[in-house]
Amino acid sequence: MTGDLALPGDYPALLGELKDRIRSAQTRAALAVNRELILLYWQMGQAILGRQQQAGWGAKVIDQLSRDLKREFPEMKGFSRSNLSSMQQFAATWPDEGTVQQLVGQLPWGHNIALMQKVKDPGQREWYARATVEHGWSRNVLIHQIEGRLRERQGQATTNFGRALPSPQSELAQQLLKDPYNFDFLTLHDEALERDLERGLLAHLRDFMLELGVGFAFVGSQVHLEVGGEDFYLDLLFYHLRLRCYIVIDLKIGEFKPEYVGKMNFYLSAADDLLRHPSDAPSIGLLLCRTQNKVIAEYALRGVDRPLGVSTYELAEALPQELRGQLPSVEELERELEGLGGQPNGADRGG
């Protein structure tokens, strides 16, 4: 047996390049297969829909069609009665074949089912379809965004971006911010402090990042800045990969107050001087308050040169005071389960 073959020094680079090409080809092939399947489903739905409209086909014909197709193509799935009905609905939902080929054909069938079931407005449905293609959302994330009313909230923050940022960065930054933010994964009582809100968001960082949106990279919490020999701390610091800038978030447990703008303006000045790289865009500030009066917020932002936005957030409803203490604790429930011979489930949902 001969010894190990001496490989050229650039062999790992070649191997890496070929691996990337193979994976890219596999992805393109999978997308092509999916596009053909979605187009087939649309064409089948169009044929069924046309017969129903022209000849008055009823449900019994769909039942028979399902049985015959299963018999003819036993190796293929997707010919159940419910799926044939979904194909018919799909064809009615997207009557233009070009839209099917160029947009929803890029989405798996499960995504298309979710869009049809959960979004009734055609404009909103197309918006969610395009956002899913752009961001590569899984079906669960798509459903989460729909149920969280992302389309209605996106771009609704009160900002000065139109004056403080050049175009098109101002438009992109505006669309990145929402109002309100949905923190339904948190439950805080009336006596909660801002540090409790911050701890809750960090404890559910995955959910928080999902709500912030694509492109946010977490840098840290209570980020220390020294200015004039004094110590200051940023509640939350992110970096946005598309905007190429830092995002400073200041958390407020109550309503917006005009004086918050001056403090955030100071934070942004310090962040730009101490953290910002010369190639970075100016840092952006986001004041997250429990409530806001938009007129007051707009007045407060007038004349402020640094890009700053004001948004609100929604929390999961806390239990009424009279019910607290009347429900069993986790420990009591586990003891009850053990007494019944069950096994308590200690796993949480993560995030």
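Below, the structure is looked at part by part. Bear in mind the structure is a predicted one, so any value in this text is a computation, not a measurement. (Residues numbered from 1 in each chain as written. Predicted model: local features only at pLDDT ≥ 70, side-chain atom pairs only at ≥ 80, totals over all residues. Heavy atoms only, no water.)

### Description of the pairing of strand E5 (residues 245-251)
Looking along a regular strand, one sees side chains alternate from face to face of the sheet.
At step 1: Burial runs high along E5: 7 of the 7 residues are buried.
At step 2: Judged from the 5 bridges that link them, strand E4 (residues 230-240) and E5 form a sheet pairing that is antiparallel. Across the sheet, the residue bridging to Phe 238 is Ile 247, located in E5.
At step 3: The hairpin turn running from E4 into E5, its antiparallel successor, is 4 residues long, and Arg 244 in that turn takes a positive phi close to 55°.
At step 4: In this view, the connection linking E5 to its parallel neighbour strand E6 (residues 284-289) by way of helix H13 (residues 259-274) has right-handed handedness. (Buried < 20%, exposed > 50% of the residue type's maximum accessible area, 1.4 Å probe, protein only. Helix = DSSP H or I, 4+ residues; strand = E, 2+ residues; numbered from the N terminus. Pairing = 2+ DSSP bridges. Right-handed = clockwise from strand over helix to strand, strands pointing away.)

### Quick look at the nonpolar core
Generally speaking, a soluble globular protein has its nonpolar side chains buried in company with each other.
At step 1: Among the nonpolar cores identified, the biggest contains 32 residues, and Phe 90, Val 100, Trp 109 and Tyr 128 are the most heavily contacted of them.
At step 2: Residue assignment for this core shows that the elements contributing at least two residues are helix H1 (11-55), helix H2 (59-72), helix H3 (81-93), helix H5 (109-118), helix H6 (122-135) and helix H7 (139-147).
At step 3: With sequence-adjacent residues up to four places away left out, Val 100 is seen in contact with Ile 38, Leu 39, Trp 42, Phe 90, Trp 94 and Gly 105.
At step 4: Counting residues in each nonpolar core, the second largest holds 30 residues, with Tyr 181, Ala 281, Ile 284 and Tyr 313 among its members. (Core = buried A, V, L, I, M, F, W, Y, C linked by side-chain atoms within 4.5 Å. Contact = heavy atoms within 4.5 Å.)

### Here's the deal with unusual backbone geometry
At step 1: Of note, the bond from Ser 167 into Pro 168 is cis; its omega dihedral lies within 30 degrees of zero at 5°.
At step 2: Examined against the element boundaries, Pro 168 turns out to sit in the loop between helix H9 (161-164) and helix H10 (169-176).
At step 3: Following Asp 179, the chain continues into Pro 180 via a peptide bond in cis, with omega recorded as -5°.
At step 4: With respect to the element layout, Pro 180 can be found in the loop between H10 and strand E2 (181-183).
At step 5: Within the chain, Arg 149 stands out as a residue other than glycine whose phi angle is a positive 55°.
At step 6: Relative to the assigned elements, Arg 149 resides in the loop between H7 and helix H8 (150-153).
At step 7: Using a relative accessible area of 33% as the deciding quantity, one classes Arg 149 as partly exposed.
At step 8: For Gln 222, which is not glycine, the phi dihedral falls at a positive 50°.
At step 9: Take Gln 222: it is sitting in strand E3 (residues 216-227).
At step 10: Its relative accessible area of 36% is what places Gln 222 among the partly exposed residues.

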